[in-house]
Amino acid sequence: MKADLHCHSTCSDGKLSPSDLVARAETRRVALLALTDHDTTSGLAEAARRAEAAGIKFVPGVEISVTWRGESIHVVGLQIDPAHPPLREGLAALRARRLERAARIASRLQSLGIPASLEGASAHAAKGDLIGRAHFARYLVASGHARDLPSAFRQYLAAGRPAYEPQEGAALDEAVAWIRGSGGVAVLAHPGRYGLEGPQRDALFEAFRDAGGSGVEVVSPSHGREDVARYARLAKAYGLYASLGSDFHAPGEGRRDLGDAVHWPDDCTPIWRTW
Ligand code: AMP
Ligand code: MN
Ligand code: MN
Ligand code: MN
């Protein structure tokens, strides 16, 4: 069975509407699909309707921005109830902070000689209800300041680059509590992306498990073959279920399309076993 438990729509920084995203998943024969937009659940109802029509099992999800020991960490919530007030209010607060951060990114770009980027990025974010670096990156490409998306990050927006502004996320415990309180399960997203190793990485897994986390993304476009094996091992060691996702944002962007999951390890217990 093809499953994909991590992807984005125009409600956050993807390029396909929730309906178009589900239609693409249908074409690609995905049987189990979660929509996990950054810090918003506004696409879930539309995606669920389209999935029902397509006979796809739909999982309501979200990808929450977390700050843990100063690091940006992503926590995916699956089987959430978007109406749960603490979750709703928590996400609304994160989106408000994103607006303030976007203004700071724009003023950095301004001082680098790139004017009006807030307006430019906002135009790319117009179909959603939040703004992020991907929208700035698309504006930088469209306005000729960067050749492609990866270069926009490399030149300007990535951590340590001149237009970088961290996104102040939720506390780890808080994000997991919102997810669990809404009836969902929390999954540590793409752990291979954080640049944490050894004791630091162990500390994150421990903190996540102690906060009530249930799963970890083992298969992700951020993970090479060795990472997949490593996180399968860590999932077992910490008693976490394994999850997988393409982190799809747009056709032609990123490494994987919907439902692409290369080398899923045999000895993993998939998180959907619990559903
Ligand atoms: P933000 O949540 O606003 O900090 O933006 C993070 C998002 O930017 C990710 O979810 C990706 O969509 C995108 N992103 C981050 N790094 C890169 C990169 N190196 N190349 C392309 N997109 C990236
Ligand atoms: Mn994104
Ligand atoms: Mn992420
Ligand atoms: Mn993502």
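Preceding block: the structure.
Residues numbered from 1 in each chain as written. Chains lettered and ligands numbered in written order. Predicted model: local features only at pLDDT ≥ 70, side-chain atom pairs only at ≥ 80, totals over all residues. Heavy atoms only, no water.

Caption draft 1: Focus on the overall build of the protein. Scanning the protein from N- to C-terminus turns up 9 helices and 7 strands. With the C-alpha coordinates aligned to their principal axes, the bounding extent of the protein is approximately 50 × 45 × 40 Å. Relative to its 275 residues, the protein shows a buried fraction of 54%. Contacts in the protein between residues far apart in sequence, at least 24 positions, make up 73% of those at least 6 positions apart. Per element, the accessible surface of the protein, about 11900 Å² overall, is 48% carbon and sulfur. Distance between charge centroids for the protein: 4 Å, based on 33 positive and 33 negative side chains. (Helix = DSSP H or I, 4+ residues; strand = E, 2+ residues; numbered from the N terminus. Buried < 20%, exposed > 50% of the residue type's maximum accessible area, 1.4 Å probe, protein only. Contact = heavy atoms within 4.5 Å. Areas by Shrake-Rupley, 256 points an atom, 1.4 Å probe, with all protein chains shown as cover. Lys, Arg positive; Asp, Glu negative; His and termini not counted. Charge placed at Lys NZ, Arg CZ, Asp CG, Glu CD.)

Caption draft 2: Spatial organisation of the packing of aromatic side chains. For the structure shown, the criterion picks out 3 aromatic pairs. Relative to Tyr231, the ring of Phe205 has its centre 6.2 Å away and its plane inclined at 5°; by these criteria the two rings are stacked. Of the two residues, Phe205 is situated in helix α8 (residues 198-211) and Tyr231 in helix α9 (residues 225-237); the sequence distance between them amounts to 26 residues. In terms of burial, Phe205 and Tyr231 fall into one category: buried. Taking relative accessible area as the criterion, Phe205 reaches 0% and is therefore assigned buried. Here the aromatic cluster, defined as three or more aromatic residues joined through ring pairs, consists of Phe205, Tyr231 and Tyr238. (Phe/Tyr/Trp six-rings, centres within 6.5 Å; stacked < 30°, edge-to-face > 60°.)

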